[in-house]
Amino acid sequence: MVLGLAKNRWHVPVQILGTAFMVIGYFLAHAHNGRNYEPHVAHRWFADIIIAAVTIQLGMGVYLKLHIERGILGYIRPFFVKLHKGLGAMIPVIGYVQIVLGVIAILGFCYADHTGQCLAHFIMGSSFMAYGILLLLSLRVGAPWLLRRKKSQEWYDSWVIMLWGIVNTFTEHRWGTAWNHGDYQHTSMGIIWWMAGLAGIILSRNGKRSIIPAILIMLTAAAFQGHAQHVPNSGAIHSYFGYLLMAGGLSRIIEICFVWKEGDFSVSPWQYLPSLMLTLAGVMFMGSTEEQLGYLLVIDVDISSYCNILLSFGFVVFLTAVLLITMWEKLTGYTPLMAGDSYSQVRPQEEAYLQGSDSTFLEDDEDDYENDAVPLKTSVNGHF
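Residues numbered from 1 in each chain as written. Predicted model: local features only at pLDDT ≥ 70, side-chain atom pairs only at ≥ 80, totals over all residues. Heavy atoms only, no water.

Enquirer: Just to check I follow, could you spell out the environment of A321 for this structure?
Expert: Note that A321 resides in helix α14 (residues 303–332). Setting aside residues no more than four positions away along its own chain, A321 makes contact with I133 and L136. (Helix = DSSP H or I, 4+ residues; strand = E, 2+ residues; numbered from the N terminus. Contact = heavy atoms within 4.5 Å.)

Structure representation (structure tokens):
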């Protein structure tokens with residue numbers, strides 16, 4: 001994906017190699033005499049989605065590589081350029097989903113009455129982890145994209161928070177059944193997210209920064225620490241998760257109010273803290289389902305050691321994201337001249353400057369594989 005976004009000449013060979021490994025893995029998965037999974041197992045049927053996505057992506061790549069510019073194939077080429085880029089960015093996501101489903105299938109978790117609880121933990125945990133990675137992207141390469149649209153990161157955050165809250169408000173309780181404490185907790189949390197998201201949208205208009213998303217993260221952390229638990233060691237790991245989430249929210253408030261300076265384009269080490277804490281919290285929450293914690297009691301593993309293992313996975317995810325972003329920067333020649341501006345309000349005198357700054361990471365454009373990389377063009381005081 002990174003090589004494709006950077007238009008590097010190694011993009012095609014690496015994609016072919018990855019496809020070859022996928023084909024080998026497909027046959028190995030069906031060539032053993034070991035454990036077989038029922039058709040309804042999510043890991044099994046989701047494999048068909050991955051195979052279809054990779055096959056379509058490979059086919060579009062071959063078509064674009066032929067550079068057909070005439071006729072109907074030339075007319076629809078711009079559409080397939082965007083589709084190829086979008087699907088390429090989605091393949092790591094669906095690959096991650098398949099890995100998670102594979103771990104669940106191997107352990108035999110999340111069946112029957114545990115399905116809903118598993119979905120809640122893995123979806124919410126993955127959301128926090130994705131949020132942390134998106135904050136990292138915004139910090140490192142999203143500045144020009146945000147500035148040209150006169151929007152702050154918090155404006156987009158608030159929209160997602162509001163929409164997520166609306167969904168939670170009407171889906172956490174199974175209508176037609178009696179209400180319980182869990183229903184009250186989840187539904188009330190959805191209402192808080194709904195209202196806080198709306199407040200954040202209003203306060204972060206016109207590129208202004210807002211601390212509403214950070215405050216909501218801290219309130220969510222406090223709510224999870226007081227959440228009713230059914231497994232003896234569940235309270236400890238949920239408290240650990242709450243501390244990480246609260247640290248993420250608090251560090252972001254400090255970053256917005258005290259670390260960030262308008263006009264200062266440098267990236268402070270402190271600005272990595274919110275992204276890191278949210279990533280660690282997401283991994284921690286995914287590892288705290290009732291069945292997982294019950295299994296710890298069976299194999300006699302203490303909760304502290306288990307938390308250390310989960311944190312190790314969290315650091316691996318964060319490190320991988322940093323390395324991939326750094327690779328894209330190196331391949332494209334991107335310089336973080338405007339990185340600090342990702343949280344800056346747009347002034348009229350900056351308009352001309354922004355027209356000359358670009359971030360190909362978030363923009364669609366025609367593919368060009370003749371060069372190893374297409375450098376990012378920036379202008380300072382009218383000079384390129």
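What follows picks up the thread again.
Enquirer: Could you clarify how one ought to interpret helix α8 (residues 153–171) in this entry?
Expert: Since there are 3.6 residues in each turn of an α-helix, residues three or four apart along the chain are aligned in direction. Taking 1.5 Å per residue, 19 residues should reach 27 Å; α8 reaches 27 Å between its end C-alpha atoms and fits that length. Among the residues making up α8, those that are buried are Q153, E154, W155, D157, S158, I161, M162, G165, N168 and T169. (Expected span 1.5 Å × (residues − 1). Buried < 20%, exposed > 50% of the residue type's maximum accessible area, 1.4 Å probe, protein only.)

Enquirer: Help me out: how do you make sense of a nonpolar patch on the surface in this one?
Expert: A contiguous nonpolar patch, built from L17, F21, I24 and L28 and spanning about 450 Å² of accessible area, is present on the exposed surface. Summarising the element assignment, L17 is placed in helix α2 (residues 11–30). Under the relative-accessibility criterion, L17 is labelled partly exposed at 48%. (Patch = residues over 30% accessible without salt bridge, like charges linked within 9 Å, V, L, I, M, F, W, Y side chains within 5 Å. Areas by Shrake-Rupley, 256 points an atom, 1.4 Å probe, with all protein chains shown as cover. Salt bridge = Lys/Arg side-chain N within 4 Å of Asp/Glu carboxyl O.)

Enquirer: It is not clear to me how the packing of helix α6 (residues 115–140) against α14 should be interpreted in this structure. Could you clarify?
Expert: How two helices sit against one another is set out by the angle between their axes and by the gap between those axes. The interhelical angle for the contact between α6 and α14, taken along N-to-C directions, is 30°, at an axis separation of 11 Å. Put simply, α6 runs roughly parallel to α14. Note on packing geometry: the crossing formed by α6 with α14 is right-handed. Side by side, α6 and α14 meet where M129, I133, L136, L137 and R140 of the first sit next to V317, F318, A321, V322, I325, T326 and E329 of the second. Its residues placed into classes, the contact of α6 with α14 shows 9 nonpolar, 1 polar and 2 charged. (Axes fitted to C-alpha atoms, helices over the stretch in contact; angles between N-to-C directions. Parallel < 35°, antiparallel > 145°, perpendicular 65-115°, else oblique. Left-handed = near helix turned anticlockwise from the far one by under 90°. Nonpolar A, V, L, I, M, F, W, Y, C, P; charged D, E, K, R; others polar.)

That's the geometry; what it means functionally is another story.
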